[in-house]
Amino acid sequence: MPLYDDSNIFAKILRGDIPCQKVLEGPHVLAFPDLYPKAPTHILVIPKGAYVDIADFGARASEAEITAFWRAVADIAAQAGLKDSGFRVIANAGANGGQEVPHFHVHILGGCPLGPMVSR
Ligand code: 5GP
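Below: a short report on this structure. (Residues numbered from 1 in each chain as written. Predicted model: local features only at pLDDT ≥ 70, side-chain atom pairs only at ≥ 80, totals over all residues. Heavy atoms only, no water.)

### Notes on the overall build of the chain
Put simply, the rule reads: By the criteria applied, helices consist of DSSP H or I runs no shorter than four residues and strands consist of E runs no shorter than two, each listed in order from the N terminus. Computation of the radius of gyration draws on C-alpha atoms, with the globule rule given as 2.2 Å multiplied by the number of residues to the power 0.38. Each residue gets one of three labels from its accessible area relative to the maximum for its type: buried under 20%, exposed over 50%, partly exposed in between, using a 1.4 Å probe on protein chains only. Residues are treated as being in contact if the distance between any of their heavy atoms lies within 4.5 Å. Methods summary: accessible areas were calculated by the Shrake-Rupley approach with a probe of 1.4 Å, and residue burial reflects only the protein chains presented. When charges are tallied, Lys and Arg are placed among the positive residues and Asp and Glu among the negative ones, while His and the ends of the chain are skipped. To locate a charge, the coordinates of NZ of Lys, CZ of Arg, CG of Asp or CD of Glu are taken.
The secondary structure content of the chain amounts to four helices and five strands. Counting helices and strands in the order they occur from the N terminus, the chain gives α-β-β-β-α-α-β-α-β. Relative to the compact-globule value of 14 Å for 120 residues, the chain shows a C-alpha radius of gyration of 14 Å, a close match. Judged by the C-alpha coordinates and their principal axes, the chain covers about 35 × 35 × 30 Å. In the chain, which comprises 120 residues, the share counted as buried stands at 36%. Contacts in the chain between residues at least 24 apart in sequence constitute 54% of all its contacts with a sequence separation of at least 6. In the structure as shown, the chain presents an accessible area of about 7200 Å², 55% of it carried by carbon and sulfur atoms. In the chain, the 10 positive side-chain charges and the 12 negative ones have mean positions that sit 4 Å from each other.

Dropping the structure here:
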């Protein structure tokens, strides 16, 4: 696992160096729309703590952080009106996972049929 590098774009958003349109914020979590949406609804959810990816988060985050994170995912899906129509939550990790930003995040995607889970 690489060490956390706080020069990544989400760390800059958390520091307020780069603006974002906040969808939800709590002591442990921040959510905002993806700058390059891949679906009508595309929201990113990130922990405020410094975790590289989902494995790092699962291994090191506190129970309070983990609970806050997944409750936020559920709340956002409900607030965005995605629960009835369905949606997808993606966590890319590492090179094979296609992770571009090395700060753990999930993508919440919805608003249209999303097609196959993976195309290669
Ligand atoms: P990953 O590929 O790491 O799972 O996803 C990173 C996501 O961050 C991409 O979907 C990309 O569009 C999004 N992104 C990159 N830079 C910015 C930014 O400055 N602001 C926001 N809101 N999203 C960004």
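Now that the structure has been shown, the text picks up again.
### A closer look at the site of the ligand
Selection criterion: Consider each residue's heavy atoms; a residue with any of them within 4 Å of a molecule or strand counts as near. The term polar contact refers here to a pair of N or O atoms within 3.5 Å; inside protein, the definition further demands a hydrogen-donor-capable atom paired with an acceptor-capable atom, and it admits residues adjacent in sequence only when both atoms are side-chain atoms.
Within the structure, the ligand sits among 17 residues, and Asp34, Asn92, Glu100, His105 and His107 are positioned closest to it. Gly98 places a polar main-chain atom, nitrogen or oxygen, 3.3 Å from an oxygen atom of the ligand. The contact in question runs from an oxygen atom of the ligand to an N or O atom on the backbone of Glu100, over 2.7 Å. The fraction of the free accessible surface of the ligand (520 Å²) that becomes covered by protein chains is 88%. Those elements giving two or more residues to the shell around the ligand turn out to be helix 1 (9–15) and strand 2 (29–33). Per-element accounting of the shell around the ligand gives the leading share, three residues, to helix 1.

### Brief notes about the pairing of strand 5 (residues 106–110)
So the rule is basically this: If DSSP finds at least two bridges between two strands, the strands pair.
A large share of strand 5 lies buried, amounting to five of its five residues. Judged by which residues are buried, strand 5 turns out to be covered on both faces: Val106, Ile108 and Gly110 on one side and His107 and Leu109 on the other are all buried. When strand 4 (residues 87–90) meets strand 5, the two strands line up antiparallel, connected through four bridges. From the neighbouring strand, Phe87 faces strand 5, where its bridge partner is Gly110.

### Here's the deal with the pattern of salt bridges
Defined as follows: Basic side-chain nitrogens of Lys or Arg form a salt bridge, by our definition, when they fall within 4 Å of a carboxyl oxygen of Asp or Glu.
Per the stated rule, a full pass over the model turns up five salt bridges. Of the charged contacts in the structure, one is a salt bridge between Arg15 and Asp17, with a shortest N-O distance of 3.2 Å. Classification of Arg15 by relative accessible area gives partly exposed; the value is 45%. A cluster of three or more residues bridged by salt bridges with shared partners is formed by Asp6, Arg15 and Asp17.

### Re a nonpolar patch on the surface
Here is the rule we go by: Like charges within 9 Å and nonpolar side chains (Val, Leu, Ile, Met, Phe, Trp, Tyr) within 5 Å are joined into patches, using only residues over 30% in relative accessible area that form no salt bridge.
There is a patch of nonpolar side chains on the surface, built from Ile54, Trp70, Phe87 and Val89 and spanning about 320 Å² of accessible area. Tracing the chain through its elements places Phe87 in strand 4. The partly exposed category is assigned to Phe87, whose relative accessible area is 37%.

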